[in-house]
Amino acid sequence: MLLDVQLDGRPDGAAARARELVGAGVAGLFTFEGPHDVFLPLAAAAATGVETDLMTNVAIAMPRSPMHLAHTAWDLQLMSGGRFRLGLGSQIKPHVENRYGATWSPPAARMREIVLAVKAILSAWQDGTRLDFRGEHTRHTLMPPTFVPGPNPHGPPPVLLGALGPLMTRTAGEVADGLLVMPFHSHRHFRERTLPALGTPASPRFRIHPQAIVAMGRTPEEQRAASLGVRGLLAFYGSTPAYRPVLEVEGWADVQPELNRLSKTGDVGAMIELVTEDMLHTLAVVGTPEECAAELHRRFGDVADRVCAYFPGYDAPLEQVGALARALG
């Protein structure tokens, strides 16, 4: 199993960090839509010439034009030597409307259209066919030769979709090239909810890309620091109503409204206290690098050949990240 880790921080430090992580043995780097642009760090990493897989995980799609997404994905596929994956996600209504200033609509239907539009544009460029995509929210019917980049020598990049609920998960199986399993989940939720909702994917190159929140350390002090950081992220996720089904399947649904209430008061300490030891070990992967690798294999080894690992709220030592990569392989 290959290891993907987050290429975090500012884009002006991305090249150096990419070299460090690849040198430690990780197979791929991903970015998320946070305080910096989601694409620029990947471009910086690709420009170094370091051979590694690159992925957005995720780029928020609803505020962006499918044409912009296609152009950026095409160029990153060129820069990386064919090792780029475009991971897309929807975000929740307040962020789409009030942070991005974009228009909200039912997300599964909208994401279906965006994925299909991006793939139609990529196919038109690769195959030279006429672009004629007509959807409810977007239309792409004009593509003069001046704006055609020409066939990509590496082929079009895969388009992946992040999903948690059954409707979005089913949509991923129907139109995307892969499913990004949201990091806030449990083994039971993944097996009982996600996989049945996915069905039989339509794309012949479809892959499942599990994501895991990891509390990793070798000493008791490292474990305490890692667990505190992970508890903070679990509390944040758990406060969001969209993630209640994960808690519900484990019998913890009543915790979600209280986490949500506390999030509105800013009482982060009280939120973290609500994340019990049982919740930590169920919703995250905890232990030494070797123990974490064994748990990741147990959870995903039969359905995936790579996994994305998050180390939230603490600095996982580079040596331990490398040890995790080696133990997974």
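Structure first, text after, so check above.
Residues numbered from 1 in each chain as written. Predicted model: local features only at pLDDT ≥ 70, side-chain atom pairs only at ≥ 80, totals over all residues. Heavy atoms only, no water.

Caption draft 1: Summary view of the overall build of the protein. Within the protein, the regular secondary structure consists of 14 helices and 13 strands. Relative to a compact globule of 329 residues, whose C-alpha radius of gyration would be 20 Å, the protein shows 20 Å and is just as compact. Taking the principal axes of its C-alpha atoms as reference, the protein extends roughly 60 × 40 × 35 Å. Looking at the protein residue by residue over its 329 residues, the buried ones come to 53%. (Helix = DSSP H or I, 4+ residues; strand = E, 2+ residues; numbered from the N terminus. Rg over C-alpha atoms; globule rule 2.2 N^0.38 Å. Buried < 20%, exposed > 50% of the residue type's maximum accessible area, 1.4 Å probe, protein only.)

Caption draft 2: Geometry of the side chain of Ser80. Along the chain, the position of Ser80 falls in the loop between α3 (66-79) and β5 (84-89). We classify Ser80 as buried; its relative accessible area is 13%. Here the side chain of Ser80 touches Arg83 through a polar contact of 3.0 Å, landing on its backbone nitrogen. Those residues in contact with Ser80 that sit more than four places away from it in its chain are Ala46 and Leu54. (Polar contact = N/O pair within 3.5 Å; in protein donor to acceptor, adjacent residues only side chain to side chain. Contact = heavy atoms within 4.5 Å.)

Caption draft 3: Here's a closer look at the nonpolar core. By size, the foremost hydrophobic cluster in this structure holds 94 residues, and its most contacted members are Leu3, Leu88 and Phe311. Take this core: its biggest share by element is nine residues, from helix α5 (residues 107-127). Discounting residues that sit within four places of it in the chain, Leu3 has contacts with Val26, Ala27, Gly28, Val307, Ala309, Val321, Leu324, Ala325 and Leu328. Of all hydrophobic cores here, the second largest spans eight residues; its members include Phe30, Val58, Ile60 and Leu160. (Core = buried A, V, L, I, M, F, W, Y, C linked by side-chain atoms within 4.5 Å.)

Caption draft 4: Here's a closer look at the packing of aromatic side chains. A full pass over the atoms with the stated rule returns eight aromatic pairs. For the ring pair Phe311 and Tyr314, a centre distance of 6.3 Å and an interplane angle of 80° mean the geometry is edge-to-face. In terms of burial, Phe311 and Tyr314 fall into one category: buried. Put simply, the rings of Phe184, Phe236, Tyr237 and Tyr243 touch in pairs and so form one group of aromatic residues. (Phe/Tyr/Trp six-rings, centres within 6.5 Å; stacked < 30°, edge-to-face > 60°.)

Caption draft 5: Seen up close, the pattern of salt bridges. Applying the stated criterion across every chain yields a total of 22 salt bridges. Residue Arg85 pairs with Asp4 through a salt bridge whose shortest N-O separation is 3.5 Å. In this pair, Arg85 is assigned in strand β5 and Asp4 in strand β1 (residues 2-6), connecting sequence segments 81 residues apart. Comparing Arg85 with Asp4, the two get one shared label, buried. With a shortest N-O distance of 3.0 Å, Arg17 and Glu20 are connected by a salt bridge. (Salt bridge = Lys/Arg side-chain N within 4 Å of Asp/Glu carboxyl O.)

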